[in-house]
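The residues making up each chain are set out below.
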Amino acid sequence: MNDYLSTKRGRYGKFGGTFIPELLVAPIQELEKAFNAAKNDKGFMESFYSLLKNYAGRPTPLTEVSRFAEAIQGPRIFLKREDLLHTGAHKLNNALGQCLLAKKMGKTRIIAETGAGQHGVATAAACAHLGLTCVVYMGSIDMERQAPNVLRMQLMGAKVVSVQQGSCTLKDAVNEALRDWAESFTNTHYCLGSALGPHPYPEMVGHFQSCIGEESHAQCTQDLGKNPDYVIACVGGGSNAIGIFSAFLNDPTVHLIGVEAGGHGTQLGEHAARFQANTRGVLHGCYTVVLQDEHGQIAETASISAGLDYPAVGPAHAHLSETKRVDYVAVSDKEALAAFKLLAQTEGIIPALESSHALAYLMKIAPTLEKDKIILVNLSGRGDKDLPQWMKG
Ligand SMILES: *Cc1c(COP(=O)(O)O)cnc(C)c1O
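Novice: I'd like to hear about the sheet that holds strand β8 (residues 188-190), residue by residue, with values.
Specialist: Spatial ordering of the open sheet is given by β7-β6-β5-β8, a layout of four strands whose pairing is parallel. Lying at the two open borders of the sheet, with one neighbouring strand each, are β7 (159-163) and β8. Strand-to-strand twist across the sheet, computed as the mean angle between neighbouring axes with direction ignored, equals 20°. Bridging between strand β6 (residues 133-139) and β7 involves five bridges; their strand directions are parallel.

Here it is as structure tokens:
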């Protein structure tokens, strides 16, 4: 565990914590205890790594994309191919870890929230494979813009519940899932999809996603003989980013960059770039950087990519921003779409619109980078799900 991510009961510097109603104290404490035991349990971690290898398809490859690099006048660029993981995104690492833990705890029912649908699909798959009942809460607007993923979840046996509250997107789905959990925790585990929420979720999700960074580190050492000079990842809640950053945080020569959704404007409500306003507050159980109005009401967000469209960011990232170990930047919907198209045309890889944000920022800075630098981008998922957005954009 490195210095930046060691927490005292879920506090990353001043961020994180456990801000929950009384009703959730019992299940959160039960979960914290179970996770602390599991992460130090060799047998549990071996079962987890076996699932990652034999079910999910790890390790994922590192691909050099020289035609893309040439097109953007950049140095050598490598992609960590989480798009090739089973179900098409990094989300499965966490879903398998949590569902395995839930089974160990004796739970038979899993609930989850989903925005882009990727976490719902990953959880539905993990539940089918492990023999658990699965209920997924999803905003009605997200159900529309990610229709193929709704069908996938249903095919794998999950019940998808349409949430018609508030903005009808991810944060409202989280509220509904928490409401369910307060009543159902004796037999139910809440499988949260990103590195946020109350402790122990940020730490637990980060732990299950750290395989991305561990593999990348080993692959860079083996193929290149050194660490990359830059590691770039998109940041929704922050799980794919913390997963890849965690292996490089202790090497100060590695420049780490997190890319948020700049949406279609800079006014509140037009983007999901939390670090641009950089105001603090509590959402869904944790103190972190959130988008809010002058009265402290959580703001609406907008992004072409449902997976980045959330008003809060994981507390580890709030701390990494404050300590200046990681730079957080934003790119617009338009820039992300241009990157989506360019990677498809130069390399035959269709990136998720989420991951396209990381590529888009790289496109902006590539011509200014020295040619002997090595860039690693976390390609968090594949973009087949985004073709309807592409047709519209
Ligand atoms: C969900 C998702 C994201 C955003 O979530 P993080 O927790 O920030 O990683 C990014 N990329 C893809 C492909 C996703 O499905």
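Novice: Tell me about the packing of aromatic side chains, and please be specific about residues and values.
Specialist: Tallied over the full model, the rule gives nine aromatic pairs. For the ring pair tryptophan 181 and tyrosine 190, a centre distance of 6.0 Å and an interplane angle of 70° mean the geometry is edge-to-face. Here tryptophan 181 and tyrosine 190 have matching classes, each one buried. For the ring pair tyrosine 190 and tyrosine 201, a centre distance of 6.0 Å and an interplane angle of 55° mean the geometry is tilted. Highlighted residues: tyrosine 190 in strand β8 and tyrosine 201 in helix α9 (residues 201-224), separated in sequence by 11 residues. An aromatic cluster is present here, built from Phe35, Phe48, Tyr49 and Phe208 joined pairwise through their rings.

Novice: Can you lay out unusual backbone geometry for me, pointing to particular residues and giving the numbers?
Specialist: Of note, the amide linkage connecting arginine 58 to proline 59 takes the cis form, showing an omega dihedral of 0°. Position of proline 59 among the secondary structure elements: in the loop between α2 (42-56) and β3 (62-64). Looking along the chain, the bond that leaves histidine 199 and enters proline 200 is cis, with omega of 15°. Relative to the helices and strands, proline 200 is located in the loop between β8 and α9. Phi is positive for cysteine 168, which is not a glycine, with a value near 55°. Residue placement: cysteine 168 occurs in the loop between β7 and α8 (170-184).

Novice: I'd like a rundown of the pairing of strand β12 (residues 286-289), residues and numbers included.
Specialist: In terms of strand pairing, strand β11 (residues 280-283) meets β12 through four bridges, oriented antiparallel. Residue leucine 283 lies in a different strand from β12, and its bridge partner there is cysteine 286. Hairpin remark: β11 followed by β12, antiparallel, with two residues in the connecting loop; positive phi at histidine 284, about 50°.

Novice: Account for helix α13 (residues 333-347), naming residues and giving values.
Specialist: With 15 residues, α13 extends 21 Å from end C-alpha to end C-alpha; this agrees with the ideal 21 Å at 1.5 Å per step. Among the residues making up α13, those that are buried are Asp333, Ala336, Leu337, Ala339, Phe340, Leu343 and Thr346. Lining the buried residues of α13 we find α3 (66-71), β4 (76-81), β13 (326-331), α14 (353-365), β14 (374-379) and α15 (387-392).

Novice: Could you give me a rundown of the pattern of salt bridges, with the residues and numbers involved?
Specialist: Counted according to the given criterion, the structure contains 20 salt bridges. With its nearest N and O atoms 2.6 Å apart, the salt bridge here joins arginine 9 to glutamate 32. Remark: glutamate 32 occurs in helix α1 (residues 25-39) and arginine 9 occurs in the segment before β1 (11-12); sequence separation between them is 23 residues. By relative accessible area, which is 11% here, glutamate 32 ends up buried. Between glutamate 176 and arginine 179 there is a salt bridge; the shortest N-O distance is 2.4 Å. Of this pair, glutamate 176 and arginine 179 both sit in helix α8, three residues apart, which is roughly one turn of that helix. On the basis of relative accessibility, which here comes to 18%, the residue glutamate 176 falls in the buried class. Connected via shared salt-bridge partners are Arg58, Lys80, Glu82 and Glu215.

Thresholds applied
Residues numbered from 1 in each chain as written. Predicted model: local features only at pLDDT ≥ 70, side-chain atom pairs only at ≥ 80, totals over all residues. Heavy atoms only, no water. Pairing = 2+ DSSP bridges. Helix = DSSP H or I, 4+ residues; strand = E, 2+ residues; numbered from the N terminus. Axes fitted to C-alpha atoms, helices over the stretch in contact; angles between N-to-C directions. Phe/Tyr/Trp six-rings, centres within 6.5 Å; stacked < 30°, edge-to-face > 60°. Buried < 20%, exposed > 50% of the residue type's maximum accessible area, 1.4 Å probe, protein only. Expected span 1.5 Å × (residues − 1). Contact = heavy atoms within 4.5 Å. Salt bridge = Lys/Arg side-chain N within 4 Å of Asp/Glu carboxyl O.

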